[in-house]
Amino acid sequence: MPRFLVGDELGSIKSVTYDAKAHSDSKIQLKTLYDGTGSGRTRGIQRLAVNDRRDDTLMLASAHADGSLCLSSLTNDDQLQQLHQWKESRIKSEQTFIGLVTSQSTVFSCTSNGALRLSTLGEEAGSPTHRLAALPSRLADCRLGCDKETFAYGGDEVELSVWNTERAFQPSSPSEDASHISPSNTKKRKRVNDTLFPGEIWRAKNVPNDFLGLRQPVHNTCLTYISPTSSNGRRPVSDFRSVGKIGGVRTIERGFSEHEAFVSDQGSSLSALDLRNGGILYSYKGISGAVTSVSPSPSFLASAALDRYTRIHSTSPPLAEVGKRADERGTTLGKVYMTTLPTVVVWDQQEEMGVDGEEDENIWETMKHVGDSDRE
């Protein structure tokens, strides 16, 4: 039974579980783990990140609208306990957290104005130690690589860039500080566009000029890692057009199946994308608000939308033959109304049980049949 964690605009944290074998009215269960309604929107949750621990206790990191970050423990029976809290002092009221990752001993965070922080937890129950770095401002998304050795970001007039995580936090001279380069100073930015910052290992190059010979604007809205391999080129290796039907792409997450990603736009579309050709495999129906956050698990997909619903969807992997649509497609299995606006959803990374009843069928098949001869 998968469990997803949902943060909302008032700072509450809730769990959403899905039981395929339950009655149709009770397949989805909603439970409040932390009630943040008393603090209002100033403590709204902007990012959540989870990490497994050996003792069946989940480590949950949360980033809030007031600039605070919290690290809590969460047990399998939904007991949430806050362990540490600290403040990102460099963030302003109109800026947001755009990246958050936690491991067993560290919390990696990034804000839209380029405030990068690596918080390390000691073996004893003391306060975390912090390492700070500065990136360009006007960022929209920041992701840490699967191996934690690199991270990437992009934003408004900020090209996709990949950095070495360790080198990003090493001291640099004031002239090399990324915060000294303002994206609004276009002439200066053009002169240094081919010069990498200390710690930066790769930066994308803008697409060619349009048919009038004019430079095309850079609007990177979101990003995700899809492959551990890298390319020496700086221009896109694939160009998938018309993926976001309304207003461009809002969110993107890589799925658990090969060549699979999930994409939402600024309208109400949520679709599965084939990464081999950029084709839409299928779209989910019945969503009436823009999907702001999605989180895949091995067998399901959870989404949070502006219509205040958190939904659980099924998924269907891409076929081996490129361009061929499968008869089986992902559907919306259920939804739950959140009363407050959900802002982010994450899978708890716990192992899922069988969802198709295969385990029960195997048990019946292995049981000995009792016939007349056995009763005699």
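For the structure itself, consult the block above.
Report follows, based on the coordinates. Source: prediction; values computed, not measured.

**A short note on the sheet that holds strand S3 (residues 28-34)**
And step 1. Read across the open sheet, the four strands follow the order S3-S2-S1-S24; overall the sheet is antiparallel. Both edges of this open sheet fall to S3 and strand S24 (342-347), since each of them pairs with a single strand only. Shown here is a sheet whose adjacent strand axes are inclined to one another by a mean of 25°, direction ignored.
And step 2. The pairing of strand S1 (residues 3-8) with S24 spans five bridges and is antiparallel. The residue of S24 that forms the bridge with phenylalanine 4 is tryptophan 347.

**A closer look at the pairing of strand S8 (residues 97-102)**
And step 1. Summarising burial for S8: five of the six residues are buried, a large majority.
And step 2. Taken together, the five bridges between S8 and strand S9 (residues 106-111) define a ladder with antiparallel strand orientation. Each bridged residue has a counterpart across the sheet, and for glycine 99 the counterpart in S9 is cysteine 110.
And step 3. What sits between S8 and S9 in their antiparallel hairpin is a turn of three residues.

**Side note on the nonpolar core**
And step 1. Counting residues in hydrophobic clusters, the biggest one holds 17 residues, and the most contacted among them are Phe108, Leu116, Leu135, Phe151 and Tyr153.
And step 2. For this core, the elements supplying multiple residues, two or more each, are S9, strand S10 (115-120), strand S12 (139-144), strand S13 (150-155) and strand S14 (158-164).
And step 3. With three residues, the single largest contributor to this core is S12.
And step 4. Core analysis: the next-biggest nonpolar cluster, separate from the first, contains 13 residues, Val6, Phe300, Ala304 and Met338 among them.

**Some words on a positive patch on the surface**
And step 1. A grouping of Lys245, Lys285, Arg325 and Arg329 is seen on the molecular surface, where their side chains present a positively charged patch.
And step 2. Checked against the element boundaries, lysine 285 lands in the loop between strand S19 (280-283) and strand S20 (291-296).

**Looking at the side chain of histidine 84**
And step 1. Inspection of the secondary structure puts histidine 84 in strand S7 (residues 80-87).
And step 2. If sequence neighbours within four positions are ignored, histidine 84 has contacts with Leu69, Cys70, Leu71, Leu121, Gly126 and Pro128.

**Points about the packing of aromatic side chains**
Any pair of aromatic rings gets described here by the distance separating the centres and the angle formed by the planes.
And step 1. Applying the stated criterion across every chain yields a total of eight aromatic pairs.
And step 2. Pairing tyrosine 282 with tyrosine 284 gives two aromatic rings, centres 5.5 Å apart and planes at 90°, and the pair type is edge-to-face. Of the two residues, tyrosine 282 and tyrosine 284, both sit in the buried class.
And step 3. Following the ring pairs from residue to residue traces out a cluster consisting of Phe108, Phe151, Tyr153, Trp163 and Phe197.
And step 4. Sitting over the ring of phenylalanine 197, arginine 203 keeps its end group 5.2 Å from the ring centre.

**Section: empty space enclosed by the protein**
Over the atoms rolls a probe the size of a water molecule, and in doing so it shows where empty space is left.
And step 1. Taken as a whole and assessed by the stated rule, the structure comprises two cavities of 30 Å³ or more.
And step 2. Taken together, Leu281, Tyr282, Ser316, Pro317, Pro318, Leu319, Lys324, Arg325, Ala326, Glu328 and Arg329 make up the lining of the largest cavity.
And step 3. For the second largest cavity, the full set of lining residues is Val243, Lys245, Val263, Ser264, Asp265, Ser269 and Ser271.
And step 4. The leading source of residues in the lining of the second largest cavity is strand S17 (residues 260-265), at three residues.

**What about the pattern of salt bridges?**
And step 1. Scanning all chains against the criterion turns up 18 salt bridges.
And step 2. Aspartate 78 is paired through a salt bridge with arginine 3; the nearest N and O atoms lie 2.5 Å apart. Pair noted here: aspartate 78 is in the loop between strand S6 (68-75) and S7 and arginine 3 is in strand S1, with a separation of 75 residues, a long-range link.
And step 3. Judged by its relative accessible area of 6%, arginine 3 falls in the buried class.
And step 4. With a closest N to O distance of 2.8 Å, arginine 117 and glutamate 88 form a salt bridge. Residue arginine 117 is found in strand S10, and its partner glutamate 88 is found in the loop between S7 and S8; the two are separated by 29 residues along the sequence. For the pair shown, arginine 117 and glutamate 88 are each scored as buried.
And step 5. Overlapping salt bridges bring together Arg3, Lys31, Asp78 and Asp348 as one network.

Conventions used here
- Residues numbered from 1 in each chain as written.
- Predicted model: local features only at pLDDT ≥ 70, side-chain atom pairs only at ≥ 80, totals over all residues.
- Heavy atoms only, no water.
- Pairing = 2+ DSSP bridges.
- Helix = DSSP H or I, 4+ residues; strand = E, 2+ residues; numbered from the N terminus.
- Axes fitted to C-alpha atoms, helices over the stretch in contact; angles between N-to-C directions.
- Buried < 20%, exposed > 50% of the residue type's maximum accessible area, 1.4 Å probe, protein only.
- Core = buried A, V, L, I, M, F, W, Y, C linked by side-chain atoms within 4.5 Å.
- Patch = residues over 30% accessible without salt bridge, like charges linked within 9 Å, V, L, I, M, F, W, Y side chains within 5 Å.
- Areas by Shrake-Rupley, 256 points an atom, 1.4 Å probe, with all protein chains shown as cover.
- Salt bridge = Lys/Arg side-chain N within 4 Å of Asp/Glu carboxyl O.
- Lys, Arg positive; Asp, Glu negative; His and termini not counted.
- Charge placed at Lys NZ, Arg CZ, Asp CG, Glu CD.
- Contact = heavy atoms within 4.5 Å.
- Phe/Tyr/Trp six-rings, centres within 6.5 Å; stacked < 30°, edge-to-face > 60°.
- Lys NZ or Arg CZ within 6 Å of the ring centre and 35° of its normal.
- 1 Å grid on protein atoms, 1.4 Å probe; cavity = no way out; pocket = protein on both sides within 12 Å on 5 of 7 lines; lining within 4 Å.
- Points joined across faces, edges and corners; volume = space filled by probe spheres on them.

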